[in-house]
Amino acid sequence: MALKIKRKLYKRGSSYETTVPKPLLFALDPEKQHHVCFSFDQKTGRWYIDFEERTP
């Protein structure tokens, strides 16, 4: 069975937010800053998450 992580979606002001689970961040260097990128694949109807290093 594949690893499955659920997170609560909550309202904050006029938008909605969720947190990024810590197990997804273990591969990232904590000394660097990152963007969290969400992408939707219309063909499969699934969302994907990716991390990009932020440059100053």
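Scroll up a little and you will see the structure.
J.: An account of the pairing of strand E4 (residues 46-53) is requested, with residue identities and associated values reported.
T.: Here eight bridges tie strand E3 (residues 34-41) to E4, and the two strands are oriented antiparallel to one another. Residue Val36 lies in a different strand from E4, and its bridge partner there is Phe51. What sits between E3 and E4 in their antiparallel hairpin is a turn of four residues, with Gly45 showing a positive phi close to 70°.

J.: Describe the pattern of salt bridges, with residues and values.
T.: Evaluated as defined, the whole model comprises two salt bridges. For Arg12, the salt bridge goes to Glu17, with nearest N and O atoms at 3.4 Å. Judged by its relative accessible area of 52%, Arg12 is exposed. We classify Glu17 as partly exposed; its relative accessible area is 27%. In this structure, the salt-bridge partner of Glu53 is Lys32, at a minimum N-O distance of 3.8 Å. Of this pair, Glu53 sits in strand E4 while Lys32 sits in the loop between strand E2 (15-17) and E3, and the two are 21 residues apart along the sequence.

J.: Could you give an account of the environment of Val20, with specific residues and numbers?
T.: In this structure, Val20 sits in the loop between E2 and E3. Here Val20 falls in the partly exposed class, since its relative accessible area comes to 27%. With 16 residues separating them along the chain, Val20 and Lys4 place their C-alpha atoms 13 Å apart.

So, how was this worked out
Residue positions within a chain follow its written sequence, with the count starting from 1. With pLDDT at 70 or above as the cut-off, local features in this predicted model cover only qualifying residues; side-chain atom pairs require 80 or more to be listed or tallied, and sums for whole chains, interfaces and linings still use all residues. Think of the side-chain values as coming from all heavy atoms in the structure, minus any hydrogens and water. At least two bridges found by DSSP between two strands is the condition for calling them paired. Only DSSP runs of H or I with at least four residues qualify as helices, and only runs of E with at least two residues qualify as strands; both kinds are numbered from the N terminus onward. Salt bridges are defined as contacts in which a side-chain nitrogen from Lys or Arg sits within 4 Å of a carboxyl oxygen from Asp or Glu. Each residue is placed in one exposure class: buried if its accessible area under a 1.4 Å probe, protein chains only, is under 20% of its type's maximum, exposed if it is over 50%, and partly exposed if it falls in between.

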